[in-house]
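Results of the structural survey
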Amino acid sequence: MYRFLLTPRWWGINVFAVLAIPFCLFMGSWQLSRFETRVDSHHEQQTQADDARAAASAPLRELLPVSTETSGRQATATGRYDTGHQLLVPDRDLDERKGFYVLTLLRTDGGKALPVVRGWLPGAADASADAAKVPAPPSGEVTVTGALQSSESSTSKGVHSSGGLPQGQVGVISAASLVNLVPYEVYDAWITLREAPAPLTAVPPAAPPNSGLDLKAFQNLGYTGEWFVFAGFVAFMWFRLLRREAEAARDLALGITPEDPDGPKPDGPDDAPQKRSPAEAA
């Protein structure tokens, strides 16, 4: 009954199935390993971030450049606030409330300025009533302590990378954007104060870049499922073809041939011979 498996047609089908199923299983396992690697990396970076937040504060120069190990560390810096260049960072949410950051540049003894997010206020940066609530930065030499953060990019949450903001506002907290607004160099980092002056609210540090489970990780997981489904589909189709061919071979062995659509059809009700009356027969 299964002699048809030795035909050239079935040799091709079998070879395809033998190669396709292991390939699909291999690709699915590889995508799964990629997802697990991203998960392990995420856990490792989260541990590093927790350790950074728990570590004692250190001078700013010892923590630069910002990395996954130093992001979130408490950094200290000494200098004078540039009261003439206080900036508002619009459209920054905190606890699901709309508001804005208050950013002031701290000019350090080294010559560079450190962007300092002094806190957050609810409202709109464009509203004069909300902007009037911003407290003035302290004068004279100050020492600040806050969580170290890396410069934002165009893909960071809440940024305005397209520009078009009014004077006194900045959309991205980065050296590349701030250096165009002030006549001195700016550190490629910023800090958010641990304690914010009233009525400001302290801004919690963000997670280090690329430390979360991004879309690529879940794409790997989706591809894993797709490859395993492909393997199952190939096995199902092979079994279905085998079963149909075996049934056809069994029917032929029993003398049952498939109906020829072009051959004569059995008589139907309309084709049955009609009985004639005795008179018509005579």
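A few points on the structure. (Residues numbered from 1 in each chain as written. Predicted model: local features only at pLDDT ≥ 70, side-chain atom pairs only at ≥ 80, totals over all residues. Heavy atoms only, no water.)

**Observations concerning the side chain of Thr-192**
The residue Thr-192 is located in strand S7 (residues 190-193) in this model. Using a relative accessible area of 2% as the deciding quantity, one classes Thr-192 as buried. Of note is the side chain of Thr-192, whose polar atom sits 2.6 Å from the backbone oxygen of Val-203. Not counting the four nearest positions on each side in its chain, Thr-192 is found in contact with Val-117, Gly-146, Ala-147, Gln-149, Val-203 and Pro-205. (Helix = DSSP H or I, 4+ residues; strand = E, 2+ residues; numbered from the N terminus. Buried < 20%, exposed > 50% of the residue type's maximum accessible area, 1.4 Å probe, protein only. Polar contact = N/O pair within 3.5 Å; in protein donor to acceptor, adjacent residues only side chain to side chain. Contact = heavy atoms within 4.5 Å.)

**Examining the packing of aromatic side chains**
The tally for this structure, following the rule as stated, stands at three aromatic pairs. With centroids separated by 6.4 Å and ring planes inclined at 55 degrees, the aromatic side chains of Phe-35 and Phe-218 adopt a geometry described as tilted. Here Phe-35 is found in helix H1 (residues 8-54), whereas its partner Phe-218 is found in helix H5 (residues 215-253), with 183 residues between them in sequence. Judged by its relative accessible area of 15%, Phe-35 is buried. Pairing Trp-227 with Phe-230 gives two aromatic rings, centres 5.7 Å apart and planes at 90 degrees, and the pair type is edge-to-face. Of this pair, Trp-227 and Phe-230 both sit in helix H5, separated by three residues, roughly a single helical turn. What makes Phe-230 partly exposed here is its relative accessible area of 40%. Put simply, the rings of Phe-23, Trp-227 and Phe-230 pair up and form one aromatic cluster. (Phe/Tyr/Trp six-rings, centres within 6.5 Å; stacked < 30°, edge-to-face > 60°.)

**Notes on the nonpolar core**
Among the nonpolar cores identified, the biggest contains 18 residues, and Tyr-101, Leu-103, Leu-105, Val-117, Ile-173 and Leu-178 are the most heavily contacted of them. Ranked by size, the runner-up nonpolar core spans 16 residues in total, among them Ala-75, Tyr-81, Val-142 and Ala-189. (Core = buried A, V, L, I, M, F, W, Y, C linked by side-chain atoms within 4.5 Å.)

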